[in-house]
Amino acid sequence: MRKRWLFSIITLILLSSLSAQAQVNFRDNSLVVDAIEGPALSVHFIDVGQGDAILVQAPTGETLLVDTGPRKKAANPLPYLREVGIERIDHLLISHSHLDHTGGFQRIAKALPIGEFWWAGYFHTTGTAKKLLAKIEEKKIPARVLKRGDELTLGPDVKITVLNPPETMRPVDHDINNYSVVIRVSYGDIDFILTGDAEIKAERMILSSGLPIESEFLKIGHHGSETASTLAFLKSVKPGFGVISCGRNNKYNHPHSATLEHLTEANVAILRTDELGTIVVRTDGKKVSINLKGQRVTRAQLRRAGSLTHLIIGIGRREDDEAIESLHRLAGRVPAVERRLGRAA
């Protein structure tokens, strides 16, 4: 039977509307779907404004930091890394060399030891990129070039598959987004695809690769730009949740309306760092919990974050008549929702 996690989530939600002992609750910005006990994989989509920084922490504690956010000091992920107790970056992956993905590197490299550096083997020529590579050499950090089909591990149980770029792709500066390293992180039955700034060209190459790509969580490419997230890609990945990392009121108007429409059509619940702050996903390989850090989230924000998210968050309270009414409307649609997400048996 293919992964049925989303169906289980919806079932728990329906039960919570009927029981005083709610199994799904929203307390202090925390979304809990089945309490996670014991070893867990944690994926932190850190709110760095208009940029990317994602911390992946294996159940063993081994760490992978994917990108370092923009150069602006206030957006640097280092304070957050310290807040959650990170004293070492075992692996640093820079998806590509744009400043909103590399800008925080120098401050992090000065403060924390880095065990290994992962990249695609090419950065476009900028002062920031040159200084980054010089620091890697200065600190004698081992470097590893990643290409499609490579398989790595984070601890004994977390598998990482490289989906992009292919070995045969020749990088060019004007198309550096499509040379982004894209990885699929897998732990038990739960998968995450982290896309960097991969755009439509990269999505098509990934689709043609034949590699497994179905995943419960998809980091939406290029901050929700209309240059990524085709319907064909979304319908092949079949994510339950799409995470968009972008800055509030950013000058690029990310995420674009076309991307949001595609996500809605593909029935993907949207989680945005500009609305929800840092988003932390924990999983034991079967169950999932999502923790929303930062300012308290309003119901209006949750509605904008995605219909499934709105239904999941905060509906365990019996006095919430609006949520319970929504649950009853959803009850007859569970099989259809599951089919659209490709989770049917």
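Reading the values: the criteria
Residues numbered from 1 in each chain as written. Predicted model: local features only at pLDDT ≥ 70, side-chain atom pairs only at ≥ 80, totals over all residues. Heavy atoms only, no water. Helix = DSSP H or I, 4+ residues; strand = E, 2+ residues; numbered from the N terminus. Buried < 20%, exposed > 50% of the residue type's maximum accessible area, 1.4 Å probe, protein only. Polar contact = N/O pair within 3.5 Å; in protein donor to acceptor, adjacent residues only side chain to side chain. Pairing = 2+ DSSP bridges. Axes fitted to C-alpha atoms, helices over the stretch in contact; angles between N-to-C directions. Phe/Tyr/Trp six-rings, centres within 6.5 Å; stacked < 30°, edge-to-face > 60°.

## A closer look at the environment of histidine 124
Now for step 1: With respect to the element layout, histidine 124 can be found in the loop between β7 (117-119) and α5 (127-138).
Now for step 2: Relative accessible area serves as the criterion here: at 13%, histidine 124 is assigned to the buried category.
Now for step 3: Here the alpha-carbon distance between histidine 124 and histidine 174, two residues 50 residues apart in the chain, equals 8.6 Å.
Now for step 4: At 2.5 Å, the side chain of histidine 124 forms a polar contact with the side chain of serine 97.

## Section: the sheet that holds strand β9 (residues 151-154)
Now for step 1: One open sheet accounts for seven strands, arranged β9-β10-β11-β12-β13-β14-β15; its pairing is mixed. Whereas interior strands pair on both sides, the edge strands pair on one side only; in this sheet they are β9 and β15 (269-272). In this sheet, neighbouring strand axes are inclined to one another by 20° on average, regardless of whether the strands run parallel or antiparallel.

## Some words on the packing of aromatic side chains
Now for step 1: Tallying each qualifying case throughout the model produces six aromatic pairs.
Now for step 2: Geometrically, the ring pair formed by tryptophan 119 and phenylalanine 123 is edge-to-face, given 4.9 Å between the ring centres and 75° between the ring planes. The residues tryptophan 119 and phenylalanine 123 share a single accessibility class, namely buried.
Now for step 3: Judged by centre distance (6.4 Å) and plane angle (90°), the ring pair of tyrosine 122 and tyrosine 179 falls under edge-to-face. Taken together, the residues tyrosine 122 in the loop between β7 and α5 and tyrosine 179 in the loop between β10 (158-164) and β11 (182-187) connect sequence positions 57 residues apart.
Now for step 4: For tyrosine 122, a relative accessible area of 25% gives the class partly exposed.

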